[in-house]
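Tertiary structure, described
What follows is each chain in one-letter form.
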Amino acid sequence: MSDTSRFFGELGYPQIYAYTEPHYKEREWEGARQGKGLLKIGYTERKDVLTRVWEQFPTNKADVQPFELVFVSDAVDDKGAVFKDHRIHALLRERGIHRPNPKAEWFECTLDELQTLVAE
């Protein structure tokens with residue numbers, strides 16, 4: 001992975017993240033593949049990914065964190081180019097990963113699949 005320190009102050013801190021929620025963690029897949037669990041895959045330029053994820057929940061938040069952050073990675077390739085979640089979403093679809101709601105960022109994929117894709 002390239003040195004991302006040059007992005008501080010310019011673009012923030014580009015990161016890809018993924019989380020799941022209790023009601024999605026054990027959900028059976030509906031697509032052609034068999035498995036369970038949905039991952040919400042997003043992008044942020046904040047150093048603190050948790051702050052970004054919390055923004056996606058209603059203002060009447062529970063006392064307990066309603067999600068499990070499972071993945072955070074620099075969103076900078078080996079050539080120093082920033083990539084966003086839309087690129088990851090497109091690659092997942094190209095690989096036949098089902099997206100239950102085409103308007104949402106939830107995917108029927110495993111953490112291993114996501115890690116491999118981002119590393120590539």
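Before any of the text, the structure's been laid out above.
We now turn to the structure provided with this report. This structure is a prediction, so every number in the text was calculated from the model and none was measured. (Residues numbered from 1 in each chain as written. Predicted model: local features only at pLDDT ≥ 70, side-chain atom pairs only at ≥ 80, totals over all residues. Heavy atoms only, no water.)

Quick word on the packing of aromatic side chains
The line we're drawing: Geometry of aromatic contacts follows a simple scheme: Phe, Tyr and Trp rings, the Trp one being its six-membered ring, pair when their centres are within 6.5 Å, and the pair is stacked under 30 degrees between planes, edge-to-face over 60, tilted otherwise. Classification of residues uses two cut-offs on accessible area relative to the type maximum, computed with a 1.4 Å probe and protein chains only: under 20% is buried, over 50% is exposed, and between them is partly exposed. Working definition: helices are DSSP H or I runs of at least four residues, strands are E runs of at least two. Numbering for both runs from the N terminus. Two conditions define a charge located above a ring, namely a distance within 6 Å from the ring centre to NZ of Lys or CZ of Arg, and an angle within 35 degrees of the ring normal.
All chains considered together, the criterion is met by eight aromatic pairs. Look at Tyr 17 and Tyr 19: their rings are 6.4 Å apart centre to centre, the planes differ by 5°, and that puts the pair in the stacked class. In this structure, Tyr 17 and Tyr 19 share a single accessibility class: buried. Aromatic pair Phe 57 and Phe 67: ring centres 5.2 Å apart, planes at 25°, arrangement stacked. Of this pair, Phe 57 sits in the loop between helix H2 (49-54) and strand S3 (68-74) while Phe 67 is found in the loop between H2 and S3, placing the two residues 10 residues apart along the sequence. Of the residues examined, Phe 57 reaches a relative accessible area of 13% and is grouped as buried. Residue Phe 67 is classed as buried on the basis of its relative accessible area of 5%. One aromatic cluster is present, built from ring pairs that chain together Tyr 17, Tyr 19, Tyr 24, Trp 54, Phe 57, Phe 67 and Trp 106. Just above the ring of Tyr 13 sits the side chain of Lys 47; from NZ or CZ to the centre is 4.9 Å.

Here's the deal with the sheet that holds strand S4 (residues 106-107)
The test is simple: Two strands form a pair only when DSSP identifies at least two bridges running between them. Contacts between residues were defined by any pair of non-hydrogen atoms, one from each residue, lying within 4.5 Å. Helix axes are fitted only over the stretch in contact, all axes being lines through C-alpha atoms; the angle between N-to-C directions runs from 0 to 180 degrees.
Spatially, S3-S1-S2-S4 is the arrangement adopted by the four strands of the open sheet, whose pairing is antiparallel. If you trace the sheet from one side to the other, it starts and ends with S3 and S4, each paired once. Here strand S1 (residues 15-20) runs beside S3; their pairing, made up of six bridges, is antiparallel. Residue pairing across strands places Tyr 17 opposite Val 72, the latter belonging to S3. Relative to S3, helix H4 (residues 111-119) is tilted by about 10°, and along the sheet it contacts S1, strand S2 (39-44) and S3.

So, the layout of surface pockets
The following threshold applies: Only protein atoms enter the 1 Å grid used here. Points where a 1.4 Å probe fits but cannot escape make up a cavity, open sets with protein on both sides within 12 Å along at least five of seven lines make up a pocket, and a residue lines them when an atom lies within 4 Å of a point. Grid points are joined across faces, edges and corners, and a volume is the space filled by probe spheres set on the points. Three residue categories are used. Nonpolar comprises Ala, Val, Leu, Ile, Met, Phe, Trp, Tyr, Cys and Pro, charged comprises Asp, Glu, Lys and Arg, and polar comprises the others, including Gly.
Considering only enclosed or pocket space, the largest pocket measures out at about 250 Å³ in volume. Around the largest pocket, the lining is made up of 13 residues, and of these Asp 77, Phe 83, Leu 117, Val 118 and Glu 120 lie nearest the centre. Residue assignment for the lining of the largest pocket shows that the elements contributing at least two residues are helix H3 (85-94) and H4. Of the residues assigned to the lining of the largest pocket, the class counts are eight nonpolar, no polar and five charged. Empty space within the second largest pocket amounts to approximately 180 Å³.

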